[in-house]
Amino acid sequence: MNAYIYDHVRSPRGKRKGGALMELSPSMLATAVLKGLQQKSNLDTSKVEDVILGCVMQTGEQGGNIAKTVAQQAGYGDRVSGVTLNRFCASGLEAVNHAAAYINAGYADLLVAGGVESMSRVEMGADGMAVAIQPRLAMDNYFIPQGISADVIATKYGYSRKDLDTFAVESHRRAGVAQKEDRFKNSLLPIKDVVGNVICTKDEHARPLTTLEDLAKLPTSFDMMAEMGGFNAVVYDKYPEVEKINHVHHPGNSSGIVDGAGAMLIGNKEIGVAIGLKPRAVIKAVAIYSTDPTIMLEGPVPVTRLVLKKAGMKVSDIDLFEVNEAFAVVPLRFMEQLNVSHDQLNVNGGAIALGHPLGATGCMIVGTLLDELERRNKQVGLATLCIGGGMGVATIIERV
Amino acid sequence: MDTMQKHVTIQKADGIATITFNVANSPVNVLNDDSIKDFALAVADVAKDQTLKGVVVASAKSDFLSGGDLKSMMRPGLTKEVFWGTVMQLTQAIRQLETCGKPVVALINGNALGGGCEMALGCHYRIMLQRADSRIGLVECSIGLMPGAGGTQRFLRLFGPQKAVEYITLSKKFTADEALKDGLVHQIVNTPEELVQVAKKWILDNPQAIQPWDKKGYRVPGAPIGKLGANDPFFFLNAHARKNSHGNYPNITNVLEAIYNGVALPIEKALELEAKYFMNTLFSKEAANIIRSTFLNVGEAQKGVAKPAAFLKQKSETKKLGILGAGMMGAGVAYVAAKVGIPTVLKDVTKEAAQKGKDYSVKIEESKIAKKKTTREKADAILSKITPSDSVQDLAGCDLIIEAVFESEKLKNQVTKETESVIAADAFFGSNTSTIPISDLAKGSVRPKNFIGIHFFSPVDKMPLVEIIVGKETGDAAIAKAIDFVTQIKKVPIVVNDGRGFFTSRVFGQYVYEGVALLQDGVHPAVIENVAKKAGMPVGPLAVTDEVNLKLVLHTASEKKDLTEFEKKIIATIDKMANQLNRPGKKEGAGFYEYPTTGKKYLWPELNKHFACKIDQLSHEVIQQRLLHTMALDTYRCLDTKVLRTPQDGDLGSILGLGFPPYTGGAISYIDYIGVDRFVEQCDALAKQFGDRFAVPDSLRARAKDKKKFY
C-alpha cells in the first residue's frame, strides 16, 4: 500500500470522575491535539485535504460532524474538510484505515486521521441504539449489552475471574513501567487549560500498584442487568449450552472510561518531500470482519487471520501486537486462539490500565505500537479491536 | 328522536344522548361486524347533533362490553380487506367519539375487557360500578391477540411505555379500586343509579371535555417523543418480552412495536399503525392456534360437547361426593368440589389422615383471608362442605365416588368393593388413576357400567384439565356423569379411551424418555433443557423427570410388559441414575439436578462426565424436533388407535395437561403448524438417524400425501 504514517500525537487519557480533562469540551480537546500535531511536525496545514475523526457518541457537543468543527478551530484553514465516522470502539482505527484507503486510491495525498471521545461529558449510550430499543430489532437480533457478552465469552470458554484479574494486574503494572520510563513521551501531548497552564501530562486511569487482592474486592458489574433486565433469557435462548452466566467482569478488569483524543498524519510517499517529513511506517494491510452480533466480542481473531492473509504474513512475522483491552477476556481469548505470547502483546499495558476513549483508542494504539517498534528497533506491528455488533478491525504497520 | 338499531341503541333526553350496547343473540356484549357498524352509525349521529350537551356510553347487559367476538374473527374465509374495514371502522368511530366536541362518559356497569376497555378509553370520563365480579383491562394478549381499537396507544398515552407494555403483555385485569388508583377510571360508584346521576352531572360541569392526548403541549409520560435515548425503557422491556415469549408469540412483539412506534406518532397515525399490527397478529398462525385451542375449544369442552348424544340436553348435578383417600390428590379434589358447594365426604383409613386432607383446604382459605381475597364467612361456607371421615358408612347417599388411593390395583379393588356395599346402585364410581387401565380396575367392581376413570392433575386446585377414561364396559351414563361433574367444578374435561397411560401420562412419558435419550446421545444437559424452554415448554425434560421422580418412572415402566429396545435402554439409564448413582430426583435433593438448601437448583456437574456430553453434539433444531415431534407423533398414534376421540382433545390435553406450547395449538395442531408433509419428512429423517420411535403411521403418511390438515 502506498500509505505512510508521518507522525502521531495523542492527549493523555483523563479519568471520568473528576479527571483533569473534564473541563475541556471534546472539541477543544481534539483541537489541542490537532494543533499539537501541526506544531510537532511544523506542518503546513494547507497541504492537508481532510480530517477523518472517529467518534462514537455523535450527539450533543460531539454531534454535528465534530471533525470539521475541530479542523476549523485548530486553524487548519477553510480549505480543510472534516468527516466523522462511527465504527463503535474501533472508530479511531477505522479513521486510520479510511485514510490509508483514500491515499492508496489516489483520492488524497495527505490526511489527518484520529479520534476523540469525552466520555465524562457525553455519556455512553447518549446517541441511542436502534438494535437495543426497537422491539423487532432487539428480538430478531438477540440483543444483549456488551458487558454481558464479555461474561458469556468467559463462561463459554471457561475463563475464571482470577484469570481476568491476573491479566488486569499485569496491564496496570506494564502501564506503570511505561510511565516511569517515559515510553509514551514521543506522542504524548501535555494538555493546557484556558489560562495556559498544563493540567494533564499522563494517563490518569493507570494504578500500577494494583494487586489481585485489590481487584478481588470489586463487585462484578453485569449480574443485575442480566438478571433483572431480562437479558439472561436472551442468552439462554441463543446459547442454550450456557446454564448460568458466570459474571466475572468488573470495572477493574474492563477498560477504563476516560476522555481523550489522538491524531495521525497519513500520506503517500511523494507528499513527504513536499512537507519535508520522512515516513515512519507503511500501512501494510487493513481488514474488517464480522461475527455473531450477540456475543459480539469475537471479531479480533478472525480479522487478524484475514489481515495477515492480505499482507501475506504469518502470526510469527508480527513483532508486537496491540489488542484493545475492552474486557480482559478479549486479549486472553486472542492469545489462546492465535497462540500469541503476552510478551509480545500490549507490552505497555492496555485500555484496562490506560483507559478506552471509544472514538480515539484505535488511533492511539497504532501510535503506541509505532513508538514501541521504534524504541525496540523492531519492524512489524498489528493493532486490532473488538467492536459492537460482532465486528473486528485490524491494521498491520511496518517501519520504513 | 330515538333511533333503533339491532345491537346498539341511542336515546336522547335532556340534551344527553345515551349509546347503549345490547348485542343480540349473545349473553354478553361483544364487538363484531354488526355491533361495530351500529356503533359507528350511533357515533356519526351524536357527533353531528348540535343540540346535544353530552354523550354516555352504556350497556343493557350485565357486562359493559366483553371484547371482540372471537368466533367471528376466526370465521373461515374472512379476508384481510374485509377485516381491515371493520377494524378501522371501530378505530375511527371511537376516535370520532372522543373528538366530537361534546363530553363523553363511559358507564362501566360490569366487565370492560379487551375491546370493552378500549371503548371506555375513548370516553373522556370513565365511571365504574363497584362490583366484586367486575374487571377492566386489555386482556387480548392472554388469547394470542393484541388490542386493535386504540388500546395500546391510549394506554401508552395514559401510563407511558413501561406500564403500558407490562399491563398489556401480562393482560392485567383491574378491579375498580385498582383502576381508580392507576387513573384507568376516574370515579367509582356503588349503584347503577349513581352511574347515571354522576355521568349527567359531570357532563353539565365539563362542557369542554378533551382527551389528555388532544391537549396542546401533551407529552407521552416517561418518554421524550421521537427521541428514544439510551435510557429508553425498551432496553429492558425487549429483553423481558423474550423472557416471557422466547420469541414464539408474534402478538407480544407486535404490542411492543405498536407502543414503541406509537411514541413518535400523532394519535391518528398511531391508531392506524396499531390496527396494522393487530391485523398481522390476527392473521398469524400462532394467534389462530391459541384462540382455537385455548379459548374456543376450551369453551366447547366446558359446555360438555364430548357427552354421548343422548345426554347432551340434560345436565346432571353431583349432590354428594365421596372421596377415597385424603392424600394430596384426594385433598385437592375435595377442595375444588367444596368450592362449588358440593357436600363432600373425605374418607381415609383414620380420622386423623382424613382431617389432614381437609386441612389442605383450610390452609388455602386461611391464606386467602390473610391476603384479603376472601372473607371468613365465605371460607367457612366452603370448609363446612367437607366432612372428614374414617367410616365407609358415611359414604351412603353419595351419587359419585372418586377413588384416590395409592396406585395399586389390589388396594383399589379392595376399596371399590367396600364402597359399593354402601352406595346406591345407580351411583357412579370414578378412579383417579394416572396409569392403571380402567378396564382392569373395573374387574373389581360389581357394576362396571358405572365405573370410569377421572384423572386429575396435581396440584388439583391449579390444573384446569381432567382426563376422563372410558373402560371397555363403561356406560354412556357414566361418561355423561363424569363430564357434568368436571364442568360443575369448573374444570375442562377431555374424554379418552382406555390404554396404558391413557393419553396424557403416555405422551408425557415420551417427553421424559426423549430428554433422557438426548442425554444418552451426548447432548449437553443445559442444551437439552434450554432448547426445550426456548421451544415453549414450561419445564425442561430433565427437570420435570426429577420432579416426577426417577423411581416412579421406573415403577411405571416395570408394570409395562412389552418394553421396546429403546425403552429398555432409557430405563437402564434411569436405573443407573436412580439406583447406582443414587440420584432419584428432587424429593431426595439429588437427580439430574442438584438442589442446594439455599439458592436455585443447577444441573449435576458430573452428568457431563457420565454421559460424555458435548455442546455441539446435535443442532438445536434437531433437539427441538426430537422433543416436540415425539410428543406430537405419539398424540397422533393415540388418535389413530382411538385412544383419543378427537384432535381437539389431543390439543387441549397436551396444552393444559402437559404444558405443550400454546402457540402451536397443541400436539395435533402442531402437525398442521409445521405442515403435515414437512412433519412426516422430518420424522422420517429422525427415524433414520435415531430409531423406530419416530416411525410414522401409514394413515399420517397418507394424510401428508394429500396435505390434509386436521383443522
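Residues numbered from 1 in each chain as written. Chains lettered and ligands numbered in written order. Predicted model: local features only at pLDDT ≥ 70, side-chain atom pairs only at ≥ 80, totals over all residues.

Overview of the overall build of chain A
Move 1: Scanning chain A from N- to C-terminus turns up 15 helices and twelve strands.
Move 2: On C-alpha atoms alone, chain A measures out to a radius of gyration of 20 Å, which is about the 21 Å that the 2.2 N^0.38 rule sets for 400 residues.
Move 3: Contacts in chain A between residues far apart in sequence, at least 24 positions, make up 82% of those at least 6 positions apart. (Helix = DSSP H or I, 4+ residues; strand = E, 2+ residues; numbered from the N terminus. Rg over C-alpha atoms; globule rule 2.2 N^0.38 Å. Contact = placed C-beta atoms within 7 Å.)

Overview of the interface of chain B and chain A
Move 1: Tallying the contact residues gives 29 residues for chain B and 23 residues for chain A.
Move 2: Those elements that place two or more of their residues in the side of chain B that touches chain A are α9 (234-245), α10 (250-263), α20 (525-535) and β19 (602-603) of chain B.
Move 3: Here the side of chain B that touches chain A takes nine residues from α9 of chain B, the largest share from any one element.
Move 4: Partitioned by chemical class, the residues of the side of chain B that touches chain A number 15 nonpolar, nine polar and five charged. (Nonpolar A, V, L, I, M, F, W, Y, C, P; charged D, E, K, R; others polar.)

Observations regarding helix α1 (residues 26-41) of chain A
All names here are of chain A.
Move 1: The first and last C-alpha atoms of α1 sit 23 Å apart over 16 residues, in line with the 22 Å expected at 1.5 Å per residue.
Move 2: With twelve of 16 residues buried, α1 is to be regarded as a mostly interior element.
Move 3: What α1 keeps buried is the set P26, S27, M28, L29, A30, T31, A32, V33, L34, G36, L37 and Q38.
Move 4: Tucked inside the fold, the buried residues of α1 contact β1 (4-10), β3 (50-54), α2 (66-73), β5 (110-118), β6 (191-192) and β8 (258-267).
Move 5: Of the residues one or two after α1, N42 is the one with positive phi, at around 50 degrees. (Expected span 1.5 Å × (residues − 1). Buried ≥ 20, exposed ≤ 12 C-beta atoms within 10 Å, placed from the backbone.)

Comments concerning the domain arrangement of chain B
It is common to give the size of an interface as the accessible area lost on bringing the parts into contact.
Move 1: Along its sequence, chain B is carved into domain 1 (3-211 + 221-283), domain 2 (314-500) and domain 3 (505-706).
Move 2: Look at where the C-alpha atoms of domain 1 of chain B and domain 2 of chain B centre, and you get two points 43 Å apart. (Domains from an automatic or database assignment.)

Observations concerning the confidence of the model for chain B
Move 1: Looking at chain B, pLDDT values average 95 and 98% of them are 70 or higher.
Move 2: Here the predicted complex scores 0.93 on pTM and 0.92 on ipTM. (pLDDT = per-residue confidence, 0-100.)

With respect to the sheet that holds strand β15 (residues 451-456) of chain B
All names here are of chain B.
Move 1: Here we have eight strands laid out as an open sheet, ordered β12-β11-β10-β13-β14-β15-β16-β17, and mixed in their pairing. The open sheet has two edge strands with one neighbour each: β12 (386-389) and β17 (492-497). Direction aside, the axes of adjacent strands within the sheet are offset by 25 degrees on average.
Move 2: The sheet contact formed by strand β16 (residues 465-470) and β17 spans six bridges and is parallel. The residue of β17 that forms the bridge with V466 is P493.
Move 3: Lying over the sheet, helix α13 (residues 328-339) contacts β10 (321-324), β11 (344-347), β12, β13 (400-403) and β15, oriented at roughly 170 degrees with respect to β11. (Pairing = 2+ DSSP bridges. Axes fitted to C-alpha atoms, helices over the stretch in contact; angles between N-to-C directions.)

Considerations on the packing of helix α19 (residues 504-520) of chain B against helix α21 (residues 541-548) of chain B
Residues and elements named next belong to chain B.
Move 1: The N-to-C vectors of α19 and α21 enclose an angle of 120 degrees; their axes lie 8 Å apart at closest approach. Here α19 lies oblique to α21, going by the angle between them. Handedness of the α19/α21 crossing: left-handed. Counting all contacts with α19, which are made through Y511, V512, E514 and G515, the residues of α21 involved are P541, L542, V544 and T545. (Parallel < 35°, antiparallel > 145°, perpendicular 65-115°, else oblique. Left-handed = near helix turned anticlockwise from the far one by under 90°.)

Side note on the nonpolar core
Move 1: In this structure, L111 and I266 of chain A together with I127, I452 and I468 of chain B are the most contacted members of the largest nonpolar core, which totals 355 residues.
Move 2: The leading source of residues in this core is helix α25 (residues 620-640) of chain B, at nine residues.
Move 3: Setting aside chain neighbours within four positions, we find I266 of chain A in contact with A3, Y4, I5, Y6, V96, A99, A100, I103, L111 and A113 of chain A. (Core = buried A, V, L, I, M, F, W, Y, C linked by C-beta atoms within 7 Å.)

Re the packing of helix α12 (residues 285-302) of chain B against helix α26 (residues 647-658) of chain B
Residues and elements named next belong to chain B.
Move 1: Here α12 crosses α26 at 115 degrees, and the two axes come no closer than 10 Å. Classified by the angle between their axes, α12 and α26 sit roughly perpendicular to one another. In the packing of α12 onto α26, the handedness of the crossing is left-handed. When α12 is examined against α26, the residues S293, T294, N297, V298 and A301 are found in contact with a partner set consisting of Q648, D651, L652 and I655.
Move 2: Residues of the contact of α12 with α26, tallied by class, amount to four nonpolar, four polar and one charged.

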